[in-house]
Amino acid sequence: MTVENRRRLSAAQLFGLTLVLALVSGGVLGALGAGEDASPVPDVVTGALMLGLAVGVLWACLAYWRRLDEAAREAHKFAWYWGGSAGLGVAGLAIGYLAGLGETADLGWLGLDGSASSYLIVGALLVVAAQVVGYVLVWAGWWLWKGR
């Protein structure tokens with residue numbers, strides 16, 4: 001094993017590093033009261049931390065992608081296309097259903113306070129969650145089908 005190979009982080013180590021960075025960043029921002037009206041943390045600092053975290057996650061994803069073999073890359077691409085698309089369709093149906101309920105529905109359990117921004121945030125999270133669930137299901141199905 002060369003020195004170069006020993007210095008490279010494994011995919012699991014990259015995932016763990018990203019998870020730790022996200023938890024530490026969220027913990028620091030939460031402890032400092034970021035996002036609250038009377039927060040001592042300026043929005044610029046919160047934005048800079050979030051941007052730094054996003055860059056770190058992108059770097060970890062790219063490093064992970066470079067380490068994958070062709071079969072694993074194809075599994076990810078297939079799962080994201082088909083699972084993400086199916087999840088997007090399910091989320092669209094769910095959002096359409098919730099919109100059809102109108103103002104008579106009690107949607108407080110979704111975290112909606114009646115403002116337009118809360119509806120936007122919950123809708124975006126619903127779409128992302130549905131796409132990730134679809135991705136995971138198709139990705140697992142891919143590997144089961146391929147016999148691994």
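To start, this report covers the structure provided alongside it. (Residues numbered from 1 in each chain as written. Predicted model: local features only at pLDDT ≥ 70, side-chain atom pairs only at ≥ 80, totals over all residues. Heavy atoms only, no water.)

### A few points about the overall build of the protein
Working step 1: Scanning the protein from terminus to terminus reveals five helices and zero strands.
Working step 2: Sequence-ordered secondary structure for the protein, helices as α and strands as β, is α-α-α-α-α.
Working step 3: For the protein, the proportion of its 148 residues judged to be buried stands at 20%.
Working step 4: In the protein, 68% of the contacts between residues at least 6 apart in sequence involve partners at least 24 apart.
Working step 5: With an accessible surface of roughly 10800 Å², the protein has 70% of that area assigned to carbon and sulfur atoms. (Helix = DSSP H or I, 4+ residues; strand = E, 2+ residues; numbered from the N terminus. Buried < 20%, exposed > 50% of the residue type's maximum accessible area, 1.4 Å probe, protein only. Contact = heavy atoms within 4.5 Å. Areas by Shrake-Rupley, 256 points an atom, 1.4 Å probe, with all protein chains shown as cover.)

### Considering the nonpolar core
Working step 1: The biggest cluster of nonpolar side chains holds five residues, and these are L68, A72, A75, W142 and W143.
Working step 2: For this core, the elements supplying multiple residues, two or more each, are helix 4 (70-101) and helix 5 (116-145).
Working step 3: Dropping the residues within four chain positions of it, L68 is found in contact with R73 and H76. (Core = buried A, V, L, I, M, F, W, Y, C linked by side-chain atoms within 4.5 Å.)

### Here we look at the layout of surface pockets
Working step 1: Volume-wise, the largest pocket comes out at about 410 Å³.
Working step 2: Lining the largest pocket are 13 residues, and of these F15, A60, C61, Y64 and H76 lie nearest its centre.
Working step 3: Breaking the lining of the largest pocket down by element, the ones donating at least two residues are helix 2 (11-31), helix 3 (43-67) and helix 4.
Working step 4: A total of five residues in the lining of the largest pocket trace back to one element, the largest contributor, which is helix 3.
Working step 5: Here the lining of the largest pocket is composed, by residue class, of 10 nonpolar, two polar and one charged. (1 Å grid on protein atoms, 1.4 Å probe; cavity = no way out; pocket = protein on both sides within 12 Å on 5 of 7 lines; lining within 4 Å. Points joined across faces, edges and corners; volume = space filled by probe spheres on them. Nonpolar A, V, L, I, M, F, W, Y, C, P; charged D, E, K, R; others polar.)

### Some remarks on the packing of aromatic side chains
Working step 1: Taken as a whole, this structure holds four aromatic pairs when the rule is applied.
Working step 2: Taking 6.5 Å as the distance between ring centres and 50° as the angle between the ring planes, the aromatic pair formed by F78 and W82 counts as tilted. With F78 and W82 both in helix 4, this residue pair falls four residues apart, about one helical turn.
Working step 3: What makes W82 partly exposed here is its relative accessible area of 48%.
Working step 4: Note on Y81 and W82: the rings are 4.9 Å apart at their centroids and 90° apart in plane angle, and the pair reads as edge-to-face.
Working step 5: Note on Y81: relative accessible area 52%, which makes it exposed.
Working step 6: What links up through ring pairs into an aromatic cluster is the set F78, Y81, W82 and W142.
Working step 7: Looking at K146, its charged tip hangs above the ring of W142, at a distance of 4.8 Å from the centre. (Phe/Tyr/Trp six-rings, centres within 6.5 Å; stacked < 30°, edge-to-face > 60°. Lys NZ or Arg CZ within 6 Å of the ring centre and 35° of its normal.)

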